[in-house]
Amino acid sequence: MSIDAAEVGQIAHLARLDIGPEDAESHAHNLSGILAFVEQLSAVDTEGVQPLAHPLEMTQRLRPDEVNETNQREAFQSLAPATRDGHYLVPRVIE
Amino acid sequence: MHNRTIAELADAMARGECSSVELTESALAAIDSASDLNAFVTVTPESALAQARAADDARRRGEAGALTGVPIAHKDIFCTAGVRTSCGSRMLDNFVPPYDAFVVEKLRRAGAVMVGKTNMDEFAMGSSNETSWYGPVRNPWSKDTVPGGSSGGSAAAVAAGLVPATTGTDTGGSIRQPAALTGISGLKPTYGRVSRYGMIAFASSLDQAGPMAATAEDLSIMLTAMAGFDRRDSTCADEPVTDYRAALGNHSLKGLRVGLPREYFNAEGMDAGVATAVQQAIEALREAGAEPREISLPNSGLAVPVYYVIAPAEASSNLSRFDGVRYGHRCAEPRDLEDLYKRSRGEGFGEEVKRRIMVGTYALSAGYYDAYYLKAQQVRRMIRDDFARAFEQVDVIAGPTAPSVAFAIGEKADDPVQMYLSDIFTIAVNLAGLPALSIPAGQSDGLPVGMQLIGNHFDEARLLGAAHGFQQLTDWHKQRPSPEA
């Protein structure tokens, strides 16, 4: 599987990463190398093998639906780049 | 205090030979004089001395435990309330968490004194500690070589005797490989043994926290304090915690069935010096009454490719939280929301992190999911089943931790796949969720060689007992780099 600079641009867009045109070629080269390396999996016969998502195959633990955290909005928002009146600020989305 | 173990320091404090304040001052001075190693991202002298005074007070009240007053350091992946937690990334260079990670909380309650936060590969993605935003860590054995990664700062700090123990995290070998390359001991516990709460996520089905120290005995003291159930990590195991130190003597080497995977000893690219050292270490186990036997892990060659689908896939999802909105780096003057996301992430993440996010995004994208992610999860089960079959015949599995000794800084930096193969012996363990440790087992070209011991799920006590038994017979764990290296 070989990836070119244009495909790097598409993947970077999906991942919301700004990749400059000067870096797209080297990423294309490295991503192609990594994909070629993992390509060996396609030769493995996995007919009938169940996928393994959790190494101990534990099921999700449930807890009672009760409030167990206190509101720390001010502490958390003090880390944010921009807030106002308890809201996180981003560039205008709706004109 | 230089180069003394937790056990020795605790004894010295109990006998009144030194105080925690003195030990902490000595650790802070050692860190300062070893700044060329770049092992620390942040040093916290004021809070460390306050914790040390509190520890000395606790001791006077007769309330001292095995870790009371012992200086330690945390990998900079563990959130520390009020202390910057960077994860080795520009993205989190300004991040001061409002809470402590479970591991940080547990070790503080056990009386350990935190002297600072150690350097690491960015978001724990790397095997050489060269991807850190704060620059590479140098191996105290030879300062032109890497300490391994991603817990490279934690490894170098113990190897150089700056602190007796540190915490690390291990997603594909990030505790064991740096332990091997710096001549110390490091344990990756069973998946779920230690809570991941407050540990910045890389690949959530693989990540596990563990201790790094000079000896298996110190690992056992640290693990006893770190392990335990925590409702805030939904994958944390609700299993009883053994007093691992008290259990060390329960597991003698005599009669221990040691599996030697033929695939590990015939691996391509393995240094002859590493192979020889590990063979000699296994001979020492045999002489002590252990029973080595050849086994096979037929799918072990597939572990690295499986990992480089699953780990980037999970990473691409986990790292989507870094959006420049709620915390972390935000680009200047974003044009619109998409520009805010893209430039904040493009500027905040380094090359290796971007690479893995893109591999994961690709593997999870429509049309490729079955061929990459689903396929990798199927082979993951085959790898885990290989281990399950092996543990029907043996108690532990032994082999080299890494295929080579410490390599030169820059040597593998331009070839991601070559770098990934540094973890050829460690990655399968994470895929299977097993516990494993690395202990110093010899030297090659004057640099340390690590031996890996892998155990069955929740069998940490047997692993630590075997490692402790080996350290009673050998003195590789006592070898230290010369200060002029």
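Above this note sits the structure.
This one's a predicted model, so the numbers in the text were calculated from it and none came from an experiment.

S.K.: Outline the overall build of chain B, supporting the account with residue identities and numerical values.
M.R.: Helix and strand counts for chain B stand at 16 helices and 11 strands. For 485 residues, the compact-globule formula gives about 23 Å, and the C-alpha radius of gyration of chain B, at 21 Å, lands near that figure. Overall, the C-alpha framework of chain B stretches about 65 × 55 × 45 Å when taken along its three principal axes. Within chain B, the fraction of its 485 residues that count as buried is 62%. Within chain B, contacts between residues at least 6 apart in sequence are counted, and of these 77% link residues at least 24 apart.

S.K.: Please set out helix α13 (residues 369-390) of chain B residue by residue, giving values where relevant.
M.R.: Taking 1.5 Å per residue, 22 residues should reach 32 Å; α13 of chain B reaches 31 Å between its end C-alpha atoms and fits that length. Residues Tyr372, Tyr373, Lys375, Ala376, Gln377, Gln378, Val379, Arg380, Arg381, Ile383, Asp386 and Phe387 of chain B constitute the buried set of α13 of chain B. Close packing links the buried residues of α13 of chain B with α2 (21-38) of chain A together with α10 (303-318), α12 (351-364) and α15 (427-432) of chain B.

S.K.: Before we move on, can you summarise the pairing of strand β10 (residues 436-444) of chain B with the specific residues and values?
M.R.: Within a regular strand, the side chains alternate between the two sheet faces. All names here are of chain B. Within β10, seven of the nine residues are buried, which leaves it mostly tucked inside the rest of the structure. As defined by bridge partners, β10 adjoins strand β11 (residues 447-455) across eight bridges and the pair is classed as antiparallel. Its bridge partner being in β11, serine 438 is matched across the sheet by glutamine 452. Remark: two residues form the turn of the hairpin made by β10 and β11, two consecutive strands paired antiparallel; aspartate 445 in that turn has positive phi of roughly 55 degrees.

S.K.: An account of the interface of chain B and chain A is needed here, citing residue identities and associated values.
M.R.: The interface of chain B with chain A comprises 55 residues on the first partner and 42 residues on the second. Elements that contribute at least two residues to the side of chain B that touches chain A include exactly α10, α11 (337-348), α12, α13, α14 (416-420) and α15 of chain B. Taken together, the residues of the side of chain B that touches chain A break down into 29 nonpolar, 13 polar and 13 charged.

Quick notes on the rules
- Residues numbered from 1 in each chain as written.
- Chains lettered and ligands numbered in written order.
- Predicted model: local features only at pLDDT ≥ 70, side-chain atom pairs only at ≥ 80, totals over all residues.
- Helix = DSSP H or I, 4+ residues; strand = E, 2+ residues; numbered from the N terminus.
- Rg over C-alpha atoms; globule rule 2.2 N^0.38 Å.
- Buried ≥ 20, exposed ≤ 12 C-beta atoms within 10 Å, placed from the backbone.
- Contact = placed C-beta atoms within 7 Å.
- Expected span 1.5 Å × (residues − 1).
- Pairing = 2+ DSSP bridges.
- Nonpolar A, V, L, I, M, F, W, Y, C, P; charged D, E, K, R; others polar.

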